[in-house]
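Overview (structure and organization)
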Amino acid sequence: MRRVHYIDRPSFPNDLFADVDSAQLRMALRNLQSAVRAVTGAMRDMYAFPDGSDLKVGVTPETHLNARARQSRVGGPFSIEFTSGYVLWAAVVSSVLARMVASGFRLERTVSLSFRDFAEDVATSGVQTCVDLTINEIGPDIEGSWLFFFESLYLPVLFHELAHVVRGHLGLLRQRQGGAGLCMVDELMSQDAGNTPPGFPLRDVEIDADVYCSGLSGEFAFARSATLPRWQYMTGKENLYAEFVGYALFVVGQERMARDRIGIRDTYPSPNLRLLLHSVAHRARWNVEHPESDYFAEIFEPAMELLAPLEPAFPELDLLRDTITREGEADLKREIAAYFDQDPETEDGLFAPFAFDARWSDPIPKFFGIS
């Protein structure tokens, strides 16, 4: 029997890490619970889920850092799962970011930040020691900033996994597997069920999820921020900026850990491509909200400035900074438009037969101007 702490249960903030003494950790878990309830409720309103199906979000006791979307059987509930290792990492790294902002970008690390090293540190020292060295030291002066960054680290990952559900990726996977049992898109492909069958278009699936994740991020950063526990107190600009920081750290961290665990993944999009897609989609929404303002100057460059002190733990970030240009972004936007025009948005497209019907305009086609 798999053990999953489902976030919608009232006791969730006390059940997860039950043996850890930390009022701050409970506060973070209440934040996670509140945001997940708001987002999943909105998704049920936005998309027509198949009759009888449900949507659950939970945390597994796995110590490595990962997330996945799954459905155990045809007609069964759709599940989004974070590992407890990822939730703890997000709480710790957000405390580092909050302290950096408060101290003028001075980085003071008491634990390792890369996915692999963090998991090893926690395995060696224990969760309580990790929490004592980091989030238990958070004072009221940076508490709000810490929760804001924490929310901004897990929300884009939640949006990405939700895209795997509503965009029909699990349905496509089930068809290719040819079975009625478990199907799962596992971000590290760390379980047998997460290893996709030969010929499965994993690159297209992940690109589609990344771009739709960006669209959902923009929707919640601006139009739906009032439903979220911390984003409601911030501007759309601040939400978009912090969300890019959070997703960048997940993408580059996940890539490095996946390489360590299973080697080079030729069929998986590179971190640079994924974050370029993310910034392009961000810019599309930004231009709707602020047509006279420069996305790169207002969002991308400040985000990369905040990420700069973390580059020793996430060296791919420096490569991203060198790669992206305004001219390159324009070319990439055209490529993305062509991608959506010829594939997912056509009647016979790759995902169209499996995607959930939207009760509103899908965010990315809307803001890219794609019909």
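What counts, and where the lines are drawn
- Residues numbered from 1 in each chain as written.
- Predicted model: local features only at pLDDT ≥ 70, side-chain atom pairs only at ≥ 80, totals over all residues.
- Heavy atoms only, no water.
- Pairing = 2+ DSSP bridges.
- Helix = DSSP H or I, 4+ residues; strand = E, 2+ residues; numbered from the N terminus.
- Contact = heavy atoms within 4.5 Å.
- Axes fitted to C-alpha atoms, helices over the stretch in contact; angles between N-to-C directions.
- Parallel < 35°, antiparallel > 145°, perpendicular 65-115°, else oblique.
- Left-handed = near helix turned anticlockwise from the far one by under 90°.
- Nonpolar A, V, L, I, M, F, W, Y, C, P; charged D, E, K, R; others polar.
- Salt bridge = Lys/Arg side-chain N within 4 Å of Asp/Glu carboxyl O.
- Buried < 20%, exposed > 50% of the residue type's maximum accessible area, 1.4 Å probe, protein only.
- Phe/Tyr/Trp six-rings, centres within 6.5 Å; stacked < 30°, edge-to-face > 60°.
- Core = buried A, V, L, I, M, F, W, Y, C linked by side-chain atoms within 4.5 Å.

1. Some words on the sheet that holds strand 1 (residues 5-6)
The strand order 1-3-5-4-6 describes an open sheet built from 5 strands, whose pairing is mixed. Of all the strands in the sheet, the pair left with one neighbour each is strand 1 and strand 6 (183-186). Of the strand pairs in this sheet, strand 4 (residues 67-71) and strand 6 are connected by 4 bridges, and their pairing is antiparallel. From the neighbouring strand, arginine 70 faces strand 6, where its bridge partner is methionine 184. The strands that helix 6 (residues 143-166) touches are strand 3 (55-60), strand 4, strand 5 (78-83) and strand 6; relative to strand 5, the one it contacts most, it runs at about 150°. Running at roughly 120° to strand 6, helix 7 (residues 169-177) makes contact with strand 4, strand 5 and strand 6 of the sheet.

2. Re unusual backbone geometry
Working note: non-glycine residues mostly have negative phi, and peptide bonds are mostly trans. The phi dihedral of phenylalanine 17 falls on the positive side, at around 55°, and the residue is not glycine. By the element assignment, phenylalanine 17 lies in the loop between helix 1 (12-15) and helix 2 (23-46).

3. As for the packing of helix 2 against helix 8 (residues 202-222)
Close contact between helix 2 and helix 8 brings their axes to 13 Å; oriented N to C, the two are set at 110°. Classified by the angle their axes make, helix 2 and helix 8 are roughly perpendicular. Handedness of the helix 2/helix 8 crossing: right-handed. Contacts between helix 2 and helix 8 pair Val39, Ala42, Met43 and Met46 from the former with Leu216, Glu219 and Phe220 from the latter. A breakdown of the residues in the contact of helix 2 with helix 8 according to their chemical character gives 6 nonpolar, no polar and 1 charged.

4. A word on the pattern of salt bridges
Enumeration over the complete set of coordinates arrives at 12 salt bridges. Arginine 116 is the salt-bridge partner of aspartate 117, the closest N and O atoms lying 3.7 Å from each other. Taking the relative accessible area as the measure of exposure, aspartate 117 reaches 28% and is therefore partly exposed. Exposure remark for arginine 116: the relative accessible area of 42% places this residue in the partly exposed category.

5. As for the packing of aromatic side chains
Following the criterion strictly, the structure yields 15 aromatic pairs and no others. Consider the rings of phenylalanine 244 and phenylalanine 300, whose centres lie 5.5 Å apart with planes at 70°: the pair is edge-to-face. In this pair, phenylalanine 244 sits in helix 9 (residues 236-262) while phenylalanine 300 sits in helix 11 (residues 295-307), placing the two residues 56 residues apart along the sequence. Considered together, phenylalanine 244 and phenylalanine 300 belong to a single accessibility category, that of buried residues. In this structure an aromatic cluster arises from ring pairing among Phe82, Tyr86, Trp89, Phe115, Tyr247 and Phe250.

6. Section: the nonpolar core
Ranked by internal contacts, the top residues of the largest apolar core, which has 109 residues, are Phe82, Tyr86, Trp89, Leu97, Leu249 and Phe314. Sequence-distant contacts of tryptophan 89, defined by excluding residues within four places in its chain, comprise Leu65, Leu113, Phe115, Phe118, Leu153, Leu249, Phe250 and Phe314. Counting residues in hydrophobic clusters, the runner-up holds 5 residues, among them Ile207, Val211, Leu277 and Ala281.

7. Section: the pairing of strand 5
The element strand 5 is extensively covered by neighbouring structure, given that 6 of its 6 residues are classed as buried. Alternating positions in strand 5 separate into two faces, Phe78, Ile80 and Phe82 on one and Ser79, Glu81 and Thr83 on the other, with burial throughout. As defined by bridge partners, strand 3 adjoins strand 5 across 6 bridges and the pair is classed as parallel. By the bridge assignment, valine 57 is partnered in strand 5 with isoleucine 80. Bridge count for strand 4 against strand 5 is 5 bridges, and the pairing is antiparallel. Residue pairing in the sheet places arginine 70 in a bridge with serine 79 of strand 5. Count of turn residues in the strand 4/strand 5 antiparallel hairpin: 6 residues, of which glycine 75 carries a positive phi of about 85°.

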